[in-house]
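Reading the structure
So the chains spell out like this:
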Amino acid sequence: MTTPRPPHVHAVPAASLAQPRPLEQIVAGVSTSDGDGVKLTRVLHQTLQERLDPYLMLDAFGSDNPGDYIGGFPSHPHRGFETVTYMISGRMRHRDSHGHEGLLSNGGVQWMTAGRGLVHSELPEQEEGLMEGFQLWLNLPAKDKMREPWYRDIQSAEIPEFVTPAGVHVRVIAGESHGIAGAMQREQTEPLYLDIALPPGAEFAQPLPPDHNVLVYVFRESVFIGSSEIPTKRMAILANEPDADGVLLRAPATNHSTARALLIAGKPLREPIAQYGPFVMNTREEVMQAVHDFQQGRFR
Ligand code: CO
C-alpha cells in the first residue's frame, strides 16, 4: 500500500548497518506523579543517569482522564540543564519568570535551556480529552550550566520529516538522520531525537557512533531489537559495543497497526552529576548554591 507523500516529507534512501548494537536492558519505568498531581511514568530515572549520559530524565505521560493531568506543573525552578517537551496530543501553556510564554500543542516541541535558572509553569490548556507526551532532560556541559536561559517553541510543521523506501516515517526533532537535519542541534552532546513510525514488518536502520548512548522508547505496538521484542511503554537501552555501527529496529509483521518509538541518542559528557530535584550541577556545593539562589529570589 502506498499513500501519497505530503510535500514537506523528504523521501530518503534506506541506510544499512554491518553490525547493529545488541540490546542491553529493557526498563519499565516507575509510576509516579509530579507537579500538581500529574500522573506519569518516569522511564529514565536517577539510577540510569550515568548509563544514559547526557540524558538525566525521561517522563512519559498519557491519559484521557483530566484528573490525571489537569493540575499541570505550577511554578517551579530549574538550573543547569535543558528540558525538551514533546507533545503527542493535547495543549500545554508555558510561562516563565523572564516573561516568555508559549503554547505547546499536538506534535510540537518546546526546547528550554534553564541555564543559570528560571521559574516556570507548564499548565494544560484543555479540560478534557487526551493529553500525551514526553519530557526529556538533557544535561549541559559544566561550562554552559550558568548560561542565560533560552527557549524555543517548535511547532509541529517546523519539525523535518522523511520517509524511507520501507515506508518508515521519521520526525527529526534533534540531530541528523538520513541526511535530514533536525529542528535543533547541540554541539557538545550531539543529541539525536527521532520519532519513528514503522508499519508492520518494516525495518529502520540508524547509524550511530559506538560511544554515544542510546535509548529506544516504544509507545505504540512493539518493536524488535535483534531477537528481543520491546513491548509498548518500555524503554530499551542498547549496548555500546566498539564494533557496532548503529541501531536496527524492526516492527513485527504481526503488529496490527503502525509501531511508534522514540530513538534518543547523545554523546556522553562524562562529567560528575549532582542533582537535587530540579537543580542539576557538577558538585554538591553548586547544588546548595542553586537552592540558596532560588530561595533568595535570584532566578530571574
Ligand atoms: Co519544568
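This text gives an overview of the structure that appears in the document. (Residues numbered from 1 in each chain as written. Predicted model: local features only at pLDDT ≥ 70, side-chain atom pairs only at ≥ 80, totals over all residues. Heavy atoms only, no water.)

**Some points on the overall build of the chain**
Secondary structure summary: the chain contains one helix and 27 strands in total. Over its C-alpha atoms the chain spans a radius of gyration of 19 Å, differing by no more than 12% from the 19 Å that the globule rule assigns to 300 residues. Projected onto its principal axes, the C-alpha coordinates of the chain cover approximately 60 × 45 × 35 Å. Sorting the 300 residues of the chain into buried and exposed places 54% on the buried side. As displayed, the chain has an accessible area near 13100 Å², and 50% of this comes from carbon and sulfur atoms. Computing the positive centroid from 26 side-chain charges and the negative centroid from 36, the chain places the two 2 Å apart. (Helix = DSSP H or I, 4+ residues; strand = E, 2+ residues; numbered from the N terminus. Rg over C-alpha atoms; globule rule 2.2 N^0.38 Å. Buried < 20%, exposed > 50% of the residue type's maximum accessible area, 1.4 Å probe, protein only. Areas by Shrake-Rupley, 256 points an atom, 1.4 Å probe, with all protein chains shown as cover. Lys, Arg positive; Asp, Glu negative; His and termini not counted. Charge placed at Lys NZ, Arg CZ, Asp CG, Glu CD.)

**Description of the coordination of the cobalt ion**
Every protein donor of the cobalt ion is listed here as His 76 (NE2), His 78 (NE2), His 120 (NE2) and Glu 122 (OE), and their distances to the metal cover 2.0 to 2.7 Å. Considering all four donor atoms around the cobalt ion, the spread of angles at the metal, 81 to 179 degrees, places the coordination shape in the irregular class. Each donor residue of the cobalt ion belongs to the same chain, with the gaps between them written as H-x1-H-x41-H-x1-E. Of this pair, His 76 sits in strand E6 (residues 73-78) while Glu 122 is found in strand E11 (residues 118-124), placing the two residues 46 residues apart along the sequence. (Donors = N, O, S within 2.8 Å, 3.2 Å for Na, K, Ca; no water. Tetrahedral: all angles 85-135°; square planar, octahedral: opposite > 155°, others 65-115°.)

**Section: the sheet that holds E6**
In any sheet, the strands associate via hydrogen bonds between backbone groups, in a parallel or an antiparallel arrangement. Strand order in the open sheet formed by four strands is E6-E11-E8-E9, and the pairing between neighbours is antiparallel. Because the sheet does not close on itself, it has two edges, and the strands there are E6 and strand E9 (101-105). Averaged over all neighbouring strand pairs, the angle between strand axes comes to 25 degrees, with direction disregarded. Sheet topology note: the strand E8 (residues 91-96)/E11 ladder contains five bridges and is antiparallel. Counterpart to Arg 93 in the pairing with E11 is Leu 123. (Pairing = 2+ DSSP bridges. Axes fitted to C-alpha atoms, helices over the stretch in contact; angles between N-to-C directions.)

**With respect to the sheet that holds strand E15 (residues 169-174)**
Taken in spatial order, the eight strands line up as E1-E14-E15-E18-E25-E20-E23-E2 in an open sheet, and their pairing is mixed. Where the open sheet ends on each side, the last strands, each with one partner, are strand E1 (9-11) and strand E2 (23-27). Taking the axes of each pair of neighbouring strands and ignoring which way they run, one obtains an average angle of 25 degrees across the sheet. Summarising the sheet, E1 and strand E14 (residues 161-163) pair through three bridges and their orientation is parallel. Across the sheet, Ala 11 pairs through a bridge with Val 163, a residue of E14.

**Quick look at the side chain of Asn 255**
Tracing the backbone through its elements, the reader meets Asn 255 in the loop between strand E24 (246-250) and strand E25 (259-266). Asn 255 gets classed as buried once you look at its relative accessible area, which sits at 9%. Within polar-contact distance, the side chain of Asn 255 engages the backbone oxygen of Ser 222 at 2.9 Å. Setting aside chain neighbours within four positions, we find Asn 255 in contact with Pro 200, Glu 221 and Ser 222. (Polar contact = N/O pair within 3.5 Å; in protein donor to acceptor, adjacent residues only side chain to side chain. Contact = heavy atoms within 4.5 Å.)

**Here we look at helix H1 (residues 284-295)**
Taking 1.5 Å as the rise per residue, H1 with twelve residues should run 16 Å; its terminal C-alpha atoms sit 17 Å apart, in good agreement. Among the residues of H1, Val 287, Ala 290, Val 291 and Asp 293 are the ones counted as buried. For H1, the arc enclosing every buried residue in end-on projection is 165 degrees, short of the 170-degree limit, so these residues lie on one face. Turned more than 90 degrees from where H1 packs its buried face, Arg 284, Glu 285 and Gln 295 sit exposed. Looking at the buried residues of H1, the elements they touch are strand E26 (274-276) and strand E27 (279-281). Of the residues one or two after H1, Gly 297 is the one with positive phi, at around 75 degrees. (Expected span 1.5 Å × (residues − 1). Arc of directions from axis to C-beta.)

**Notes on the pattern of salt bridges**
The final tally for this structure, using the stated rule, is 18 salt bridges. Close ionic contact of Arg 95 with Glu 101 constitutes a salt bridge, the shortest N to O distance being 3.5 Å. When its relative accessible area of 41% is taken as the criterion, Glu 101 is described as partly exposed. We note a salt bridge from Glu 132 to Arg 220, for which the minimum N-O separation is 2.9 Å. With Glu 132 in strand E12 (residues 131-139) and Arg 220 in strand E20 (residues 213-220), the pair connects residues that are 88 residues apart, well separated along the chain. Each of the salt bridges in this network shares a partner with another, and the network as a whole consists of Arg 91, Arg 93, Arg 95, Glu 101 and Glu 125. (Salt bridge = Lys/Arg side-chain N within 4 Å of Asp/Glu carboxyl O.)

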